[in-house]
Amino acid sequence: MLMIPGPTPVPEKVLLAMAKHPIGHRSGEFSQIIAETNENLKWLFQTQNTVMALCASGTGTIEAAIINFLSAGDRVIVGVNGKFGERWAQIAKAYGLNVQVVSAEWGAALNPEDIAQALKADPGVKAVVITHSETSTGVLNDLEAINKVVKDNSDALIIVDAVTSLGSYNIPVDEWGIDVIGSGSQKGFMLPPGMGFITASDKAWAAYEKATLPKFYLDLGKYRKAADKKSTPFTPPVNLYFGMKVALEMMKAEGLESIFARHTRHKEATRAAMKALGLPLFAPDTHASPAVTSVVPEGVDAEKIRSVMKKRFDIALAGGQDHMSGKMFRMGHLGFVSDRDILCAISALEATLQELGHKTPDSGVIAASERLQKG
Ligand SMILES: Cc1ncc(COP(=O)(O)O)c(C=O)c1O
């Protein structure tokens with residue numbers, strides 16, 4: 001049972017849809033699947049612009065954002081409060097951009113005011129890169145506020161890593177005027193790993209015309225042109241498309257509001273359970289990710305918890321990353337997750353703590369169940 005923040009569980013209907021012989025990617029039959037999934041991706045991204053599907057993971061979408069809309073020497077601000085923000089700064093530097101990091105401690109949210117100050121100090125900044133849900137810490141940055149300070153203080157593009165927030169949190173991409181936003185199939189999409197999704201605003205496409213970094217396989221112009229003709233520039237992962245067709249149909253049937261409400265409910269139930277169990281949360285309630293809950297246990301070893309959960313109950317939890325390795329566990333509740341999954345994982349965690357001789361002040365199951373009952 002995958003209670004990690006990706007890969008996430010895949011519905012049986014989606015698995016069965018993929019369990020077929022591939023078809024020709026230039027066939028009329030496949031064109032129809034592309035046409036339908038393109039429309040449904042636009043619905044999910046809340047945009048009228050083309051959503052381009054890449055045969056790449058989430059990282060590929062942010063690398064594509066950097067190389068398609070920027071040029072060597074451009075000044076960019078990267079928000080860093082965890083591992084993924086650090087990665088975007090590394091990629092931007094690798095491509096010769098002039099990177100200014102605006103940071104916050106791991107476990108804290110980026111302060112929009114810090115970004116406003118950095119933009120005021122350097123009016124020539126071409127882009128601000130933000131990780132919305134920082135999966136390494138379980139912090140949800142305030143994208144709406146950051147987007148507003150970017151718009152109020154500059155003409156910069158806002159480039160958003162929504163790898164674990166797209167499909168779990170409301171991001172009205174067009175309404176907010178998000179310029180570039182990327183995500184990955186193994187997260188909120190109820191699909192296996194292997195695809196990345198990215199969309200760009202008119203302003204970003206205008207920047208694309210002037211951007212001079214070299215690109216070929218990740219040249220988004222090729223993907224847009226092909227997508228608009230119900231095609232792909234290169235051989236796509238055909239069977240993942242079969243799965244995506246069904247996954248998006250399931251998401252449409254549930255509805256965006258219900259999907260977001262379910263993630264909020266699961267986040268709050270998980271956090272209530274951790275508090276009842278006396279397990280300290282790493283991210284504050286005000287900025288907690290709807291996709292993953294990060295816990296730094298005291299008096300009980302995080303790795304032992306993960307090991308018992310896996311061996312006794314076959315439930316996978318993620319560990320900490322970089323300097324938090326060995327000190328943290330992270331419980332994912334992203335994508336195809338039900339109330340039953342949350343209660344199952346929490347009760348297994350409670351049993352694990354009991355087995356490890358760790359005294360818990362209260363029942364996590366009761367705390368989670370009370371929150372879930374509220375709907
Ligand atoms: C917020 C965030 N950004 C980027 C990535 C990288 O995605 P991928 O491993 O699909 O390249 C991840 C993966 O967990 C993530 O959680």
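Per-chain numbering applies: the sequence of each chain, read as written, is numbered from 1 onward. In keeping with the model being predicted, local features are shown solely for residues with a pLDDT of at least 70 and side-chain atom pairs are shown and tallied solely at 80 or more, while totals for entire chains, interfaces and linings include all residues. Hydrogens and waters are ignored; side-chain quantities use all the structure's heavy atoms.

Caption draft 1: Highlighting the overall build of the protein chain. The way it works is that DSSP assigns letters per residue, a run of H or I at least four long becomes a helix, a run of E at least two long becomes a strand, and they are numbered from the N terminus. The number of helices and strands found in the protein chain is 14 helices and 13 strands. C-alpha atoms define the radius of gyration in this analysis, and the globule rule sets the expected value at 2.2 Å times the number of residues to the power 0.38. Relative to a compact globule of 375 residues, whose C-alpha radius of gyration would be 21 Å, the protein chain shows 21 Å and is just as compact. In terms of principal-axis extent, the alpha carbons of the protein chain reach across some 60 × 55 × 35 Å. In this scheme, a residue with accessible area under 20% of its type's maximum is buried, one over 50% is exposed, and one in between is partly exposed, where area comes from a 1.4 Å probe on protein chains only. The buried share of the protein chain, taken over its 375 residues, is 58%. Here the analysis covers contacts within the protein chain between residues at least 6 apart in sequence; of these, 72% occur between residues at least 24 apart. Per-residue and other accessible areas were derived by the Shrake-Rupley procedure at a 1.4 Å probe size, with only the shown protein chains allowed to occlude residues. Accessible area of the protein chain: about 14800 Å², with a carbon and sulfur share of 52%. Lys and Arg are tallied as positive, Asp and Glu as negative. Neither His nor the chain termini are counted. We put the charge of a Lys on NZ, of an Arg on CZ, of an Asp on CG and of a Glu on CD. The positive charge centre, built from 39 side chains, and the negative charge centre, built from 40, are 4 Å apart in the protein chain. Contact criterion: two residues are considered in contact whenever any of their non-hydrogen atoms come within 4.5 Å of each other.

Caption draft 2: Representation of the environment of I315 in the model. Following the sequence through the fold, I315 ends up in the loop between α12 (302-313) and β12 (316-319). As for I315 and S136, which are separated by 179 residues in sequence, their C-alpha atoms are 19 Å apart. The residues touching I315, leaving out its near neighbours within four places in the chain, are M1, M3, M309, K310, C344, A345 and A348.

Caption draft 3: How the structure looks around the site of the ligand. Inspection of the region around the ligand gives 14 residues, with S57, T59, T135, D161 and K187 positioned closest. Within 3.5 Å is the distance limit for a polar contact, defined as a pair of N or O atoms, with the added protein rule that one can donate a hydrogen and the other accept it, and that residues adjacent in sequence qualify only through two side-chain atoms. At a separation of 2.5 Å, an oxygen atom of the ligand approaches a polar side-chain atom of T135. For the ligand, an oxygen atom lies 2.7 Å from a polar atom in the side chain of K187. Coverage of the ligand by the protein amounts to 86% of the 380 Å² it exposes when considered alone. For the shell around the ligand, the secondary-structure elements that each account for two or more residues are α3 (58-69) and α4 (83-94). Looking at the shell around the ligand, the element that brings in the most residues is α4, giving three residues. Put simply, Ala, Val, Leu, Ile, Met, Phe, Trp, Tyr, Cys and Pro go in the nonpolar bin, Asp, Glu, Lys and Arg in the charged bin, and everything else, Gly too, in the polar bin. Of the residues belonging to the shell around the ligand, the class tally is three nonpolar, eight polar and three charged. Whether a residue is near a molecule or strand depends on its heavy atoms: if one lies within 4 Å, it is near.

Caption draft 4: Quick peek at the sheet that holds strand β1 (residues 2-3). Note on pairing: DSSP must find at least two bridges between two strands before they are called paired. The strand order across the open sheet built from four strands is β1-β12-β13-β11, with neighbouring strands paired in mixed fashion. With partners counted over all chains shown, the strands left at the sheet margins are β1 and β11 (292-295), one partner each. Both β1 and β12 contribute to a ladder of two bridges, which runs parallel. Opposite L2, over in β12, you have A316 as the bridge partner. Under this scheme, a helix contributes an axis fitted over its contacting stretch, all axes are lines through C-alpha atoms, and angles between N-to-C directions fall in the 0 to 180 degree range. The sheet contacts of helix α13 (residues 339-355) involve β1 and β13 (329-332), and relative to β13 the element is tilted by about 155°.

Caption draft 5: Main features of unusual backbone geometry. The omega torsion of the bond from G6 to P7 falls at -5°, within 30 degrees of zero and hence cis. Considering the arrangement of structural elements, one finds P7 in the loop between β1 and α1 (12-18). One non-glycine residue, Q46, lies in the positive phi region at around 50°. Relative to the helices and strands, Q46 resides in the loop between α2 (28-45) and β2 (51-54). In the Ramachandran plot, M190 falls in the positive-phi region, its phi being about 65° despite a non-glycine side chain. Summarising the element assignment, M190 is placed in the loop between β9 (180-184) and β10 (196-200). Residue classification places M190 among the buried residues on the basis of a relative accessible area of 5%.

Caption draft 6: Inspection of the packing of helix α5 (residues 112-121) against helix α6 (residues 143-153) at higher detail. Contact geometry for α5 and α6: axes closest at 9 Å, N-to-C directions at 20°. Regarding the angle of α5 to α6, the classification is roughly parallel. In this structure, α5 meets α6 at a crossing whose hand is right-handed. Along the contact surface, α5 presents P112, I115, A116, L119 and K120, while α6 presents A145, I146, V149, V150 and N153. Residues belonging to the contact of α5 with α6 are distributed by class as follows: eight nonpolar, one polar and one charged. Throughout this description, any angle smaller than 35 degrees is read as roughly parallel, any larger than 145 degrees as roughly antiparallel, any in the 65 to 115 degree range as roughly perpendicular, and the remainder as oblique. Should the near helix be turned anticlockwise from the far one by less than a right angle, the crossing is left-handed, and should it be turned clockwise, the crossing is right-handed.

Caption draft 7: Structural context of the sheet that holds strand β4 (residues 98-103). Pairing within the open sheet is mixed, and its seven strands lie in the order β2-β10-β9-β8-β5-β3-β4. What marks the edges here is a single partner per strand, and that holds for β2 and β4. Between one strand axis and the next, the sheet turns by 20° as a mean value, whatever way the strands run. Of the pairings in the sheet, the one linking strand β3 (residues 75-80) to strand β5 (residues 127-131) comprises three bridges and is parallel in character. Its bridge partner being in β5, V76 is matched across the sheet by A127. Each of β2 and β10 is contacted by helix α9 (residues 220-228), which is oriented at about 110° to β2, the strand it contacts most.

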